[in-house]
Amino acid sequence: MATPTGRLTRGTMLDQAQRRAGNTSTSLKAEMRVWLNQILDELYLGWDWPFLMTSTSVSLSGTTFALPAAFLRAQDAWGLVTTTVDGVAQRVRIPETDPGTYWARYREDTTASVPLLWTADRANDVGRVWPAPAGTVTATLRYKQWIANADTTNTTTYDADIPVFPWHSYLIERCYQQVLEWDENPKADLVFQKCEMMLARIRGTALPLHSIDSTLTLDPDTFVAPFRPEGE
């Protein structure tokens, strides 16, 4: 399935937000292009949207392999899974660890049929495996990808772009709120609260397993305060 998007361009969304706020200043629209990039950045970084998850095939022929250009992080602790070992289909999950644990375990010139662990070295844009595979290993890397910002200096291309985020009504509302805040309109706080409710509904639809309220009240007939003797 293709990555879902909305149906409106960035320019159309910004125009709608400005008209609703009653401020159609051209110079303000230039600011809004930056705002929209920031709003999308927050959305991409803040939650693990399904449409940001992807995978690629990598070759493990030494202790390092190149990370994808848009790599943000592995989907989970088992994001690296072998597909073949010396040409034979073999599915083995390679657990991810932090760099400190990786280097504590690392021993030079050690090999194995399949690596025991790996870590993402973002400073050098490589994944590091250990031990080094003794043969030829291919694997699938499942990861969360980063969507780069649209270039605000090329306004024609920017305004014609359709952002990778299906809920464009939310983006319009957020931009509308930003214009009200720019104009010091007291309605800005109310609109921001509406945006928060919209985002909560969106998250409940897109991320149902992450939307469970952890603040539910416990059943008083089952969970009661522990007994304490008098005087304590």
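Residues numbered from 1 in each chain as written. Predicted model: local features only at pLDDT ≥ 70, side-chain atom pairs only at ≥ 80, totals over all residues. Heavy atoms only, no water.

1. With respect to the confidence of the model for the protein
In low-pLDDT regions, the fine details of the predicted coordinates are not to be read closely. Inclusion rule: For every residue, the predictor states its confidence as a pLDDT score lying anywhere from 0 to 100. The criterion used for residue contact is that any of the two residues' heavy atoms lie within 4.5 Å.
In the predicted model, the protein carries a mean pLDDT of 89, and 87% of its residues have values of at least 70. Across residues 211-230, confidence stays below pLDDT 50; counting only partners more than four residues off in sequence or on other chains, it has three contacts.

2. A short note on the sheet that holds strand β9 (residues 126-130)
Worth spelling out the cut-off: Strand pairing is defined by DSSP finding a minimum of two bridges between the two strands. Counting from the N terminus, the helices are DSSP H or I runs at least four residues long and the strands are E runs at least two residues long. A fitted line through C-alpha atoms represents every axis, and for helices the fit uses only the stretch in contact; the resulting angles, taken between N-to-C directions, go from 0 to 180 degrees.
The strand order across the open sheet formed by three strands is β2-β9-β8, and the pairing between neighbours is antiparallel. Each edge of the open sheet is held by one strand with a lone partner, namely β2 (64-66) and β8 (117-121). Taking each pair of neighbouring strands and ignoring which way they run, the sheet shows an average axis angle of 25°. Bridge analysis of β8 against β9 gives five bridges, and the strand direction is antiparallel. Directly across from Ala120, in β9, lies its bridge partner Gly127.

3. Looking at the packing of helix α2 (residues 26-46) against helix α5 (residues 168-182)
Two packed helices can be described by the angle between their axes and the distance between those axes. Here is the rule we go by: Oblique is the label for any angle not under 35 degrees, not over 145, and not in the 65 to 115 range, which are roughly parallel, roughly antiparallel and roughly perpendicular in turn. The crossing is said to be left-handed when, going from far helix to near helix, the turn is anticlockwise and less than a right angle, and right-handed when the turn is clockwise. Residues are grouped as follows: Ala, Val, Leu, Ile, Met, Phe, Trp, Tyr, Cys and Pro are nonpolar; Asp, Glu, Lys and Arg are charged; every other residue, Gly included, is polar.
Viewed as axis vectors pointing N to C, α2 and α5 meet at an angle of 130°, and their least axial separation amounts to 10 Å. Here α5 runs oblique to α2, going by the angle between their axes. Judged by the sense of rotation from one axis to the other, the crossing of α2 with α5 is right-handed. Residues Leu28, Glu31, Met32, Trp35, Leu36, Ile39, Leu40, Glu42 and Leu43 of α2 form the contact with α5, whose participating residues are Tyr170, Leu171, Arg174, Cys175, Gln178, Val179 and Trp182. Class assignment of the residues belonging to the contact of α2 with α5 gives a composition of 12 nonpolar, one polar and three charged.

4. So, unusual backbone geometry
What is expected of a backbone is that most residues other than glycine have negative phi and most peptide bonds are trans. Cis geometry is adopted by the peptide bond preceding Pro131, which originates at Trp130 and carries an omega value of -10°. Among the secondary structure elements, Pro131 is positioned in the loop between β9 and β10 (132-133).

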